[in-house]
Amino acid sequence: MKRVEELSKEEAATELKHIAEEMAKSDIAYYQDDDPYLTDSQYDSLKTRNQQIEARFPELIRSDSPSHRIGATIKSEFGKVAHRFPMLSLGDVFSIDEVDDFVMTVKRFLNTAENIDFMAEPKIDGLSFSARYEHGRFVQGATRGDGTTGEDITANLKTIRQLPLVIQGNVPDILEIRGEVYMSKADFFALNKKYEAEGKKTFANPRNAAAGSLRQLDSKITAERNLSLFAYTWGEVSQRPWHTQQEFFEYLKKWGFPTNPLNTLCHSLQEIENNFKNLMEKRASLPYDIDGIVYKVNDIALQERLGFLTRTPRWAIAHKFPAEQALTTIKNIRIQVGRTGALTPVADLEPVNVGGVIVSHATLHNEDEIKRKNIRIGDTVVIQRAGDVIPQVVQVITEKRLADSQEFIFPQTCPICGAHAIREEDEAVRRCTGGLTCPAQAIERIIHFVSKDAFDIAGLGEKIVEDFYKENIIKNPAEIFTLEERNHGGEDLFSAGQGLHLERKEGWGKKSVENLFKAINEKRTISLPRFIYALGIRQIGSATALLLAKNYGNFTALQNDMIQKETGKLVSIDGIGASMATDIVEFFQEEHNLKIINDLLQQISIEEYVDTTNYASPLTGKTIVFTGTLEQMTRSEAKAKAQNLGAKVAGSVSKLTDFVIVGADAGSKAKKAQELGITILSEAEFLEMANL
Ligand code: IVH
């Protein structure tokens, strides 16, 4: 072999290509086939040779170079990646009966009595990723983020050796492969052991360790953590040669992606149930954590007919394993006051290990729940933890109750601000009436405002928000954006006199203060759904915020309607109920809310909502009515199709109707449409419009 110094540029290029191919082949043999074909020392010498050649000819570094596997540049923050096809989540069920219901719903929607095959896939407890390939080359990696926009983790994903950087054979020009990144139990224990020895903070579970490793700005750190992955679905693709989920897995394997060996095609509910029991037994001995099983309609043509609800597909569901439980004692019960003033009782527990996670608090939900379960301080209780939810107290072991156990008296006043706490008729929660004069509510509201799905200002953690509030530095969300200005007090940063001079505060310095301002300033433009969610209106989570954004398009339109209590449009939105509507309207009747919004608008701008998932269609924004029997699809399928295109489906014909779609044996509605001169469409005409 020639010495590196003697290589010509052409020779170097050829050799780099050869090394990249050899090492990729070896990675597949090692990880997928469990059949190493290079020895460790052969592999290492290729790696060294590759590094030496790249050091001499940096211009020849390939995008699929094995050197990327060891991490590249350090970033100051992650870039954003818009998902052309949203990354969805799944509905959960907890029993085989509910799975049966799901199967029935699928059949009813498709109006078929025929048997439907489901692919059953272990639900890996990691975090999802999307890997984009163009012309067979890996070009971009992203996290799920809020489902619409994720973070750019290209460099980090490259360090996972199971991810092919180049795929060969018959590959669509554009191909997004999605799946789960996870850390094996063995790697998790090894990492924690090392961290413990070094006196560092350990991870609670493999999922957190995987998330913490993948979301590293320094991809060298990602490379040091052993991450693994399984592929299981796709995003944008320019062609789709597979027709079933099963066939898709065959393609994945051919292209070199790891797929879970326990994926099983089930032909009946009985097979689904057997598979579930089998996996429950295997669960503990698997090398990675799973928290349930995902069922997907195998036939993709059927998946397409079934389509999607707001955030979840109709053609798939997650069957979760029963929650893990443990016994412990309640040391104390205290009250937490949330963003909306709700008083929530929380039990402080003797810390206990529940399925690998140390639990020291559990929610007791509300007053009635404590009474119903007859919970006292000092009691021995069964607690359980399911997925990401806050641990709960299942029941008291009354035989173990001690003589000195104390009943908990639920307070009638807010423990934080002392205001009356009242419970409305037929409401389970007691609420503090202090509003934003209650420090707990005000602080929680700011914490919510800067949280991940809202403004996502990483530099403002809960502790800092609390400190800043108590020291009168930030009393409401609008003041976040005037912080920098107030800090200078109009003078030089280091001069005496006015100004907050955060850099002189304990624990802060010039650099950390600058970073905070930078983090804040980057959020002076915000998307509409995030802004609506950030307001912290009762019952309005991010899915509902997205619905509002889609339907109103810009903030002014929403605000004007709400201030004038104009709720016609609001209640017509599928997914917004009467009680939500009341909460939204009430929020906009509060003077101090309007003032904060007004102050915010002096500081920031809200983007108009542009729907990237739906294509403009002649049906967008139209009100339509279906009548008669449809032949090519069921009524619910038709309705969903129309709604996906942004149409509103009404039950009766009026002047406001744009189209009436008439199936066989249509009756009075068709007649009324004729009288009102409304455009009447046949089922075929409707489908044609829908598919435009
Ligand atoms: S399919 C539309 N398949 O579960 C399809 N998800 O609750 C969406 N997950 O965000 C996902 N294993 O992180 C799918 N075999 C599997 C999965 C899986 C784990 C995770 C994934 C997703 C979450 C949904």
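So, here's what we can say about the structure. Bear in mind that the values here come from a model prediction, so they are computed numbers and not experimental data. (Residues numbered from 1 in each chain as written. Predicted model: local features only at pLDDT ≥ 70, side-chain atom pairs only at ≥ 80, totals over all residues. Heavy atoms only, no water.)

1. Thoughts on the nonpolar core
So, point 1. Membership of the largest hydrophobic core comes to 58 residues, with the highest contact counts inside it found for Ile480, Leu548 and Phe588.
So, point 2. Aside from chain neighbours lying at most four places away, what touches Phe588 is Leu535, Ile537, Phe555, Gln559, Met562, Ile563, Leu594 and Ile597. (Core = buried A, V, L, I, M, F, W, Y, C linked by side-chain atoms within 4.5 Å. Buried < 20%, exposed > 50% of the residue type's maximum accessible area, 1.4 Å probe, protein only. Contact = heavy atoms within 4.5 Å.)

2. Description of the site of the ligand
So, point 1. Of all residues adjacent to the ligand, which total 14 residues, the nearest are Glu121, Lys123, Glu180, Tyr232 and Lys296.
So, point 2. Glu121 has a polar side-chain atom sitting 2.7 Å from a nitrogen atom of the ligand.
So, point 3. The separation between a nitrogen atom of the ligand and a polar side-chain atom of Tyr232 is 3.5 Å.
So, point 4. Looking at the shell around the ligand, the elements that each hand over two or more residues are strand 3 (118–124) and strand 10 (290–297).
So, point 5. Per-element accounting of the shell around the ligand gives the leading share, four residues, to strand 3.
So, point 6. Along the lines of polarity and charge, the residues of the shell around the ligand split into eight nonpolar, two polar and four charged. (Near = heavy atom within 4 Å. Polar contact = N/O pair within 3.5 Å; in protein donor to acceptor, adjacent residues only side chain to side chain. Helix = DSSP H or I, 4+ residues; strand = E, 2+ residues; numbered from the N terminus. Nonpolar A, V, L, I, M, F, W, Y, C, P; charged D, E, K, R; others polar.)

3. Things to note about the environment of Leu229
So, point 1. With respect to the secondary-structure elements, Leu229 resides in strand 8 (residues 228–237).
So, point 2. On the basis of relative accessibility, which here comes to 0%, the residue Leu229 falls in the buried class.
So, point 3. The sequence separation of Leu229 and Arg144 amounts to 85 residues, and the corresponding C-alpha distance is 15 Å.
So, point 4. Excluding residues within four positions of it along the chain, Leu229 makes contact with Phe129, Ile160, Gln162, Leu163, Glu180, Val181, Tyr182 and Pro258.

4. A closer look at the packing of aromatic side chains
How two aromatic rings sit relative to each other is given by the distance of their centres and the angle of their planes.
So, point 1. In this structure the tally under the stated criterion is 26 aromatic pairs.
So, point 2. Ring centres 5.1 Å apart and planes at 15° place the aromatic pair Tyr182 and Phe230 in the stacked group. On the criterion of sequence distance, the pair formed by Tyr182 in strand 7 (residues 174–182) and Phe230 in strand 8 is long-range, its members being 48 residues apart.
So, point 3. For Tyr182, a relative accessible area of 8% gives the class buried.
So, point 4. Ring plane angle 65° and centroid distance 4.7 Å describe the contact between Trp234 and Phe248, whose orientation is recorded as edge-to-face. Here Trp234 is found in strand 8, whereas its partner Phe248 is found in helix 8 (residues 245–255), with 14 residues between them in sequence.
So, point 5. Taking relative accessible area as the criterion, Trp234 reaches 16% and is therefore assigned buried. (Phe/Tyr/Trp six-rings, centres within 6.5 Å; stacked < 30°, edge-to-face > 60°.)

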